[in-house]
Amino acid sequence: MKLYSTRNPKHVVDLETALFQSLPPDNGLYMPDHLPVWSPEQWQAIIPCSFQEIAFRMAKAFLQEDVEDAALRRMVEDAFAFPVPLVRLGEKRFVLELFHGPSLAFKDVGARFMSRLMAYFLEKHQREIHILVATSGDTGGAVALGFHRVPGIRVTILFPSGKVSALQEKQLTTLNENIHSLEIEGSFDDCQHLVKQAFLDPELNARYVLASANSINIARLIPQSFYYAHAWAQLRRMGITEPPVFSVPSGNFGNLTAGVFAQRMGLPVKAFVASTNVNDEVPQYLQTGVFQPRPSIPTLSNAMDVGNPSNFQRLSSLFNQDVQQMRKWIFGYAFNDQQTLAEIRRVAETEHYIVCPHTAVASLGLNAYFQDHPSASPGVFLSTAHPEKFANIYSEEIRALPYWPPLPTAVQQIMQQPSRAMRMKNDFETFKSYLLEDL
Ligand SMILES: *Cc1c(COP(=O)(O)O)cnc(C)c1O
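You'll find the protein chain entered in an unreviewed UniProt entry as Threonine synthase, with Thermoflavifilum thermophilum given as the organism. Recorded in UniProt under Pathway (unreviewed entry), the annotation for the protein chain is "Amino-acid biosynthesis; L-threonine biosynthesis; L-threonine from L-aspartate: step 5/5." Under the heading Sequence similarities (unreviewed entry), UniProt records this for the protein chain: "Belongs to the threonine synthase family."

Here it is in structure tokens:
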């Protein structure tokens, strides 16, 4: 697969370069130079298949020039050893549960695939790398669990002290071995700044091969297209033939961009709903045609508190930077925290189902779309996290409901482990000497 930079289509690299570089030097984003297209027969053929089998076939369509079949199959089976069920809540309302991976959020899909793809190339060339990540919570957990014990990779995670949830902190600080976490006395922005300084530091770069695992890496994006196909296959198995509407709870818009990849491959899709909290730059763009990044506003669905969505460039390039074209496929809706809480309660009471705050925003978006565009299509909203990750926002009453989803035993075990984060002041020299001494 060849990839080009959204800033300069003439800047073309191979998959391995894009994987380890994450970002092109011109500050654009890497995009596949073409997307594979499947025939209707190829789509039909996946209807009876498991998630792992669908993932393998789609991964092969993207990566067959880069990874041989047997290795790709191993990678996919190891990365996606968890179910992605489609649950029916009403005649036309379905929820795709993306939270059954080890970190209980959909970011597992991208992080686990990327880590195994990196390990594949590292082993081939006998290389080792050091990954540095700043996290506000969800990304760090998915990266920690996704890279745990992956050969050739050492990970250092920086998180802001006191600003991640109890479960997130356990995921970040209990793994050890090749995963190291630093509790920084500062904000998420401070963590991110420390990581950026490290990437620019000549001494550190002379000593180590540093890499990032952030969400703009193309290897995190591609695997997210697989579960859209799996959702469609499950609908077909239920006898539903109309193409679905997908409502995607969005922050950096990686998830939605991956959905458009699947649709361009030929997956039957009626429309996408870009569902956001009050950080609504993309719904605003769809309305006005002007993209206006803003400082982010804190909300209950905090993994979507993004003021300048990093995948907007990619999304926009898929529609030739033309808002008219994007409007044919993507419909934007934004909701505040009060609406989010009311939707959590409504879904619990009327559908006997618990949604996390991000998923509640997607549910609202789907309902709003159908109100404005009545159609026979089924609606699928993506459930991006287990509610336990945001347990503090629910009333005792909702937490006690019998249909609160159970916690997997692996996660219960993590809660019992001692945390081993090292506390560090927000100071680059301290961080740098830690890296130089300890790695
Ligand atoms: C990251 C995240 C999102 C937003 O996904 P994007 O791909 O950044 O749009 C939504 N929900 C949860 C739970 C997340 O962790």
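Text resumes after the structure shown.
## Overview of the packing of aromatic side chains
For the structure on display, the rule yields 19 aromatic pairs. Taking the centre distance of 5.2 Å and the plane angle of 75° together, the rings of Tyr120 and Phe121 count as edge-to-face. Ring centres 6.1 Å apart and planes at 75° place the aromatic pair Tyr228 and Phe272 in the edge-to-face group. Of this pair, Tyr228 sits in helix H11 (residues 226–237) while Phe272 is found in strand E11 (residues 271–276), placing the two residues 44 residues apart along the sequence. Each member of the aromatic cluster is reached from another via a ring pair, and the members are Phe51, Phe80, Phe113 and Phe226. Over the ring of Phe319 we find Arg264; its NZ or CZ atom is 4.9 Å from the centre of that ring. If you follow Arg399 out to its NZ or CZ, it ends over the ring of Trp404, 4.7 Å from the centre.

## So, the UniProt feature "domain: Threonine synthase N-terminal" (unreviewed entry) in the protein chain
As annotated in UniProt, the feature "domain: Threonine synthase N-terminal" (unreviewed entry) corresponds to residues 4–80 in the numbering used here. Secondary structure over residues 4–80 splits into 48% helix and 16% strand, and the C-alpha atoms at its two ends are 28 Å apart.

## Section: helix H13 (residues 281–288)
Along H13, the positions that sit buried rather than exposed are Glu281, Val282, Pro283, Tyr285 and Leu286. Against the buried residues of H13 lie E11, helix H14 (312–318), helix H15 (323–329) and strand E12 (330–334). Of the residues one or two after H13, Gly289 is the one with positive phi, at around 85°.

## Comments concerning the sheet that holds strand E3 (residues 30–32)
If you walk across this open sheet you meet the 3 strands as E2-E1-E3, and the pairing is antiparallel. Looking at the sheet topology across the chains shown, the edges are occupied by strand E2 (8–14) and E3. Sheet twist, expressed as the mean angle between neighbouring strand axes with direction ignored, is 40°. Pairing between strand E1 (residues 2–5) and E3: 3 bridges, direction antiparallel. Note on E3: the bridge partner recorded for Ser5 is Tyr30.

## Digging into the UniProt feature "modified residue: N6-(pyridoxal phosphate)lysine" (unreviewed entry) in the protein chain
Those residues carrying the UniProt feature "modified residue: N6-(pyridoxal phosphate)lysine" (unreviewed entry) are Lys107 in this numbering. Within the element layout of this structure, Lys107 appears in helix H5 (residues 107–124). A residue is classified by how much of its surface remains accessible, and Lys107, at 14% relative accessible area, is buried. Ignoring anything within four residues of it in the chain, the contact list for Lys107 reads Asp138, Thr139, Ala142, Arg220 and Ala303.

## Observations regarding the site of the ligand
Lining the immediate surroundings of the ligand are 15 residues, of which Lys107, Asp138, Gly251, Asn252 and Thr384 lie closest. Side-chain polar atom of Lys107 to an oxygen atom of the ligand: 2.5 Å apart, as the coordinates give it. Computed on the free molecule, the ligand has an accessible area of 380 Å², of which 96% lies beneath the protein chains in the complex. Residues that form the shell around the ligand fall into these classes: 6 nonpolar, 7 polar and 2 charged.

## Quick look at the packing of H5 against helix H6 (residues 138–147)
Angle between the axes and distance between the axes: these two values describe a pair of packed helices. It is the contact of H5 with H6, at a shortest axis distance of 8 Å, that shows an interaxial angle of 40°. As the angle between them shows, H5 and H6 are arranged oblique. The handedness of the crossing between H5 and H6 comes out as right-handed. Mapping the contact onto sequence places Lys107, Asp108, Ala111, Arg112, Met114, Ser115, Arg116 and Met118 in H5 and Asp138, Thr139, Ala142, Val143, Leu145, Gly146 and Phe147 in H6. Within the contact of H5 with H6, the residues separate by chemical class into 7 nonpolar, 3 polar and 5 charged.

Cut-offs used in this document
Residues numbered from 1 in each chain as written. Predicted model: local features only at pLDDT ≥ 70, side-chain atom pairs only at ≥ 80, totals over all residues. Heavy atoms only, no water. UniProt positions renumbered as here; feature names shortened; annotations may be inferred. Phe/Tyr/Trp six-rings, centres within 6.5 Å; stacked < 30°, edge-to-face > 60°. Helix = DSSP H or I, 4+ residues; strand = E, 2+ residues; numbered from the N terminus. Lys NZ or Arg CZ within 6 Å of the ring centre and 35° of its normal. Buried < 20%, exposed > 50% of the residue type's maximum accessible area, 1.4 Å probe, protein only. Contact = heavy atoms within 4.5 Å. Pairing = 2+ DSSP bridges. Axes fitted to C-alpha atoms, helices over the stretch in contact; angles between N-to-C directions. Near = heavy atom within 4 Å. Polar contact = N/O pair within 3.5 Å; in protein donor to acceptor, adjacent residues only side chain to side chain. Areas by Shrake-Rupley, 256 points an atom, 1.4 Å probe, with all protein chains shown as cover. Nonpolar A, V, L, I, M, F, W, Y, C, P; charged D, E, K, R; others polar. Parallel < 35°, antiparallel > 145°, perpendicular 65-115°, else oblique. Left-handed = near helix turned anticlockwise from the far one by under 90°.

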